[in-house]
Protein chains: 2
Amino acid sequence: MHLVACMMRGMALEHAILVSLAEKSASGYDLARRFDKSIGFFWKATHQQIYKVLARMEGDEWIAATPVEEPGRPAKKVYALTPTGRAELARWTTEPTPIETLRSEFAVKIRGMNFGDRGAVVVDIARQRERHVDRLAYYEADCTKHFPDPTALGDADLPAYLVLRGGIRTEQTYIDWCDEMLTALGHEKETR
Amino acid sequence: MHLVACMMRGMALEHAILVSLAEKSASGYDLARRFDKSIGFFWKATHQQIYKVLARMEGDEWIAATPVEEPGRPAKKVYALTPTGRAELARWTTEPTPIETLRSEFAVKIRGMNFGDRGAVVVDIARQRERHVDRLAYYEADCTKHFPDPTALGDADLPAYLVLRGGIRTEQTYIDWCDEMLTALGHEKETR
DNA sequence: AGATACATGTAAAATGTTACATGATTTT
DNA sequence: AAAATCATGTAACATTTTACATGTATCT
């Protein structure tokens, strides 16, 4: 009997990398930086993880590397999609996306606050709120910068814009939720 | 040189289980069912994972098992927090929660839609929207059932209520985002 | 008779995180 | 002279997912 050559895989980081490389060819290092911003807003990856997956994807011939040497710089390998990679990316877009399972340690902590230090949890909520205010400001600046006129968006720009809109909505929701909790937990009475 | 006895661990599922057992003692099987609903709305875990972590937590003496035999049923082990477990849970509530990193395959797919089948992605958006409509309805029913009068909530009920509110806000946001995308992608024109 | 609920696990594979490792160049 | 940026990886460990494994009791 033959072994099945193409094992089922999580198909997660692979596809995020395919999308990123489809937008623009890049080295592992470049990708690592992209996963710290833009794409990284909704999919995080460290450079170690990226190099490993990149090697696997090169083995599967989804991508191909071109060595690039610039004087006064370490040599780098710039990856680009192969026809196989482009086909895989196209195939993946036709697949129904599994429903997202949210996994929130913060929510677990809220739920457990009566079994510990309630005051500390309230402080933590206020802290989380601040982080999300920061992120919202960052996203909105990004949105204004890249899409100054959202009514005049072309087909090419629409996807990135819509994803950013999702980020903005998510952050706003987080902030509103924190506010609701802080009010319910009597934070207002203490600070005013 | 001595080895550090208490290795740093993800401290993720452990604490979700501590919270759940603090609310009410349970067997692995009971916990698996809770992680399919209530607690599972914001933290998923399979029974295999739960049994493994439960064994580890018992080894660390965070929890202790009592065998319970009911006639006509397989024997089960009911776990309860030990004083050590209760202390660990309390300690954890004082820790600042790491900022959540959202990881959304759906967002990656939106971003990549120009490199594949745009129509299929639009169908996928509509499908995701439906799922979130279902979840929202489920959460709202749950909320009405358990907290018919949110203005008269006691301290004991507040955490579970606030977490549910987070779930409701999250689902509503998802739906609104899907609507924004469907409109932007010209879905309305096609269907009316 | 077959499906579902109850009940608990082991094993293998995939994925992700943290620590370690190296070395050149540019900025402070 | 030290720190940060550029550039690529290996190794160890932890976590998560999927498949396998077993057996009773109840419901349809």
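Coordinates for the structure precede this section.
Throughout, a residue's number is its position along its own chain's written sequence, starting from 1. The naming scheme follows written order: chains are lettered A onward, ligands numbered 1 onward. Local features are withheld for residues below a pLDDT of 70 in this predicted model, meaning they are given only at 70 or higher, and side-chain atom pairs are given and counted only at 80 or more; totals for whole chains, interfaces and linings count all residues. As a convention, hydrogens and water are excluded, and side-chain values are obtained from all of the structure's heavy atoms.

J.: Would you take a moment to explain empty space enclosed by the protein for this structure?
T.: It is a probe the size of a water molecule, rolled over the atoms, that shows where empty space is left. Here a cavity is any set of points on a 1 Å grid over the protein atoms alone where a 1.4 Å probe fits but cannot get out, and a pocket is any open set with protein on both sides within 12 Å along at least 5 of 7 lines; a residue lines the site when it has an atom within 4 Å of a point. Grid points are joined across faces, edges and corners, and a volume is the space filled by probe spheres set on the points. Applying the stated rule across the entire model yields 1 cavity of 30 Å³ or more. The volume enclosed by the largest cavity comes to roughly 30 Å³. Around the largest cavity sit A:Glu105, A:Val108, B:Ala12, B:His15, B:Ala16, B:Trp43 and B:Trp92, which together line it. Elements with a contribution of two residues or more to the lining of the largest cavity: α5 (105-111) of chain A together with α1 (13-23) of chain B. Three classes are used, and their members are as follows: Ala, Val, Leu, Ile, Met, Phe, Trp, Tyr, Cys and Pro are nonpolar, Asp, Glu, Lys and Arg are charged, and the others, Gly among them, are polar. When its residues are assigned to classes, the lining of the largest cavity shows 5 nonpolar, 1 polar and 1 charged. Per the convention used, a helix needs a DSSP run of H or I reaching at least four residues, while a strand needs a run of E reaching at least two, with both numbered from the N terminus.

J.: So what exactly am I meant to see when it comes to the pattern of salt bridges here?
T.: Pairs can form between side chains of opposite charge whenever their charged atoms are close. Residue and element names in this part refer to chain B. A carboxyl oxygen of Asp or Glu within 4 Å of a side-chain nitrogen of Lys or Arg is what we treat as a salt bridge. Counting across every chain of the model gives 24 salt bridges over all chains. Between glutamate 95 and arginine 91 there is a salt bridge, with the nearest N and O atoms lying 2.9 Å from each other. A residue is classified by how much of its surface remains accessible, and arginine 91, at 35% relative accessible area, is partly exposed. Among the ionic pairs, arginine 129 bridges to aspartate 179, the shortest N-O distance being 2.5 Å. Of this pair, arginine 129 sits in helix α6 (residues 118-146) while aspartate 179 sits in helix α7 (residues 158-184); the two residues are 50 residues apart in sequence, bridging distant segments of the chain. Note on classification: 1.4 Å probe, protein chains only; a residue is buried when its accessible area is under 20% of the maximum for its type, exposed when over 50%, partly exposed between these limits.

J.: Help me understand the side chain of A:Glu100 in this model?
T.: Tracing the backbone shows A:Glu100 in the loop between α4 (83-94) and α5. By the counting rule applied here, Lys and Arg register as positive and Asp and Glu as negative, while His and the ends of each chain are not counted. Buried charge without a salt bridge: A:Glu100, with B:Arg135 as the nearest opposite-charge side chain at an N-O distance of 8.3 Å. Engagement of the side chain of A:Glu100 in a polar contact is seen with the side chain of B:Tyr174, the distance being 2.5 Å. Residue contacts are counted whenever heavy atoms from the two residues lie within 4.5 Å of one another. For A:Glu100, the contacting residues outside a window of four places in its chain are B:Arg103, B:Ser104, B:Glu105, B:Phe106, B:Arg135 and B:Tyr174. Polar contacts here mean pairs of N or O atoms no more than 3.5 Å apart (in protein, one a potential hydrogen donor and the other a potential acceptor; neighbouring residues in sequence count only if both atoms are side-chain atoms).

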